[in-house]
Amino acid sequence: MLSLRLARGAHPLVLLRRLLVAVASSGAGFLLLCSLGYAVAHPNATEQSLVRLLWCAVPVAAVTQFAVTVARSDPATRPRDGLDAIGFGPVRLSLLAATSTALSCGLGSAAALLVYLELRGDLGGIPLSGTASGLLDGDAPLPWAATLTLLGLLPALAAGACAIALRPRKERAGGASRTVSRATVPDTAKDDRRSYAGLPWGVAITACGLALEAYVGRAPAPAPDSLLTLPGQDGGTSPGLMGGWLLASLGLVLAGPGLTHWSGTLLSAGRPGPMRLLAGRILQDTANRLGRPLGVLCAVAAGALAAVELYGAAWERSGPRPFGPLTGLGAAVVMACVTATAITAAIDTRHCRAETTAALLRLGIPASLLRGAAAVRTGVLLIVLAPLTWVIAELAALPLTRS
């Protein structure tokens, strides 16, 4: 009940973010239902059904990350004066955030079920009823137990991830300790070693992923529609290619905070001016909060560029298309979620620096200097991450294009 009251009185931007979480979860839920419908309609194609379900893990993970980022930036998850007195400390607030996330994702899953049933022709009543019956295997009835289980998977995962990400931690001040919410803990200079810790591991894992893809590329190249199998595609899949791409993506995610911190270090190296020094220090302080979403965005962008490199020629010739409509839906959900996650994380870091920014303005720092520092930060991140993403995408696609 408290989650509903806080949602009713929330800022319109907060409500928009929760609505976007619901829309994203509806897309992922729709893909899960499509995988279930294919498995029911083709009981003998067990391996292909499993592959379709495994590919749905990518949009589910993207939606979960977006939901956690939205919950972290929600003002309702941050401690307020007087809430401790009525029993709403950091622990209860983290559970409140998990409940709100589960409600948003559950609403999206329910909408996905209605749309799916309508497009299959199970409900009827509108002109669009049954228009996608062939694509969605409308002849096979759905088992309701499995349907509800799949639809409840995403809300449960998102709520659990929020509870873990926002769980309170103990901070020691002198001889006493206090419990604080992780959503309110700002990034400090003490996190520098933690930012750099993932960089060598990220580089090593990315190299292993690219090496695995190079090894797979020595074999004869399979048909285009069997290299990438998402819901709505026929054919097999390449476990080596899938594993290599996942390893390279994991490496980029781990290296994201280190790359962001390293970019800030380069900006503030030497004898920097006020603008460059301010931009570099802010990048260093926000490396942990901003770096990982940027790493996920780079990983997804590299995968998209590699897919375009591999299958671009297939669109120009006649024959079966390498991607179907459900594949496009899955790619759209993933790209939208990782982009929205990075934007939300950037806005959240700005809010965390609100007091520092206000103090600088009181000291007489011109607002143009702050805007210039923001532009410099954006520019250096693009200069560092965009070429890296392109190089990894080319290296990932090179062995397969040569075979």
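Residues numbered from 1 in each chain as written. Predicted model: local features only at pLDDT ≥ 70, side-chain atom pairs only at ≥ 80, totals over all residues. Heavy atoms only, no water.

Caption draft 1: Here's a closer look at helix 3 (residues 46–55). For helix 3, the set of buried residues is Q48, S49, V51, R52 and W55. On an axial view of helix 3, the arc spanned by its buried residues comes to 160 degrees, and they lie on one face. Exposed positions of helix 3 whose direction lies more than 90 degrees from the buried face are T46 and E47. (Buried < 20%, exposed > 50% of the residue type's maximum accessible area, 1.4 Å probe, protein only. Helix = DSSP H or I, 4+ residues; strand = E, 2+ residues; numbered from the N terminus. Arc of directions from axis to C-beta.)

Caption draft 2: Structural view of the layout of surface pockets. By volume, the second largest pocket amounts to about 1100 Å³. Along its surface, the second largest pocket is lined by 37 residues, and L290, A346, T349, R353 and R377 are the ones closest to its centre. Counting residues per element, the ones that place at least two in the lining of the second largest pocket are helix 10 (274–285), helix 11 (287–311), helix 12 (325–352), helix 13 (354–362) and helix 14 (367–402). Counting residues per element, the lining of the second largest pocket draws most heavily on helix 14, at 12 residues. Here the lining of the second largest pocket is composed, by residue class, of 23 nonpolar, six polar and eight charged. (1 Å grid on protein atoms, 1.4 Å probe; cavity = no way out; pocket = protein on both sides within 12 Å on 5 of 7 lines; lining within 4 Å. Points joined across faces, edges and corners; volume = space filled by probe spheres on them. Nonpolar A, V, L, I, M, F, W, Y, C, P; charged D, E, K, R; others polar.)

Caption draft 3: Seen up close, the confidence of the model for the chain. With 74% of its residues at a pLDDT of at least 70, the chain reaches an overall mean of 78. Note on residues 220–237: pLDDT is under 50 here. Beyond four places in sequence and across chains, it has 51 contacts. (pLDDT = per-residue confidence, 0-100. Contact = heavy atoms within 4.5 Å.)

Caption draft 4: Broad picture of empty space enclosed by the protein. The final tally for this structure, using the stated rule, is three cavities of 30 Å³ or more. Of the voids in this model, the second largest cavity is the one considered here, and its volume is about 60 Å³. Together, 13 residues line the second largest cavity, and W245, A248, A302, I392 and A396 are the ones closest to its centre. Secondary-structure elements contributing two or more residues to the lining of the second largest cavity are helix 7 (192–216), helix 9 (239–267), helix 11 and helix 14. Among the residues forming the lining of the second largest cavity, the class breakdown is 10 nonpolar, two polar and one charged.

Caption draft 5: Structural context of the packing of helix 2 (residues 12–41) against helix 4 (residues 57–73). Where helix 2 contacts helix 4, the axes come no closer than 9 Å and their chain directions differ by 165 degrees. Judged on the interaxial angle alone, helix 4 and helix 2 are roughly antiparallel. Like other packed secondary-structure pairs, helix 2 and helix 4 cross with a definite hand, here left-handed. Note on element contacts: helix 4 touches helix 2 through P59, V60, V63, F66, A67, V70 and S73, opposite R17, R18, L20, V21, A24, S25, A28, L31 and L32. A class-by-class count of the residues in the contact of helix 2 with helix 4 yields 12 nonpolar, two polar and two charged. (Axes fitted to C-alpha atoms, helices over the stretch in contact; angles between N-to-C directions. Parallel < 35°, antiparallel > 145°, perpendicular 65-115°, else oblique. Left-handed = near helix turned anticlockwise from the far one by under 90°.)

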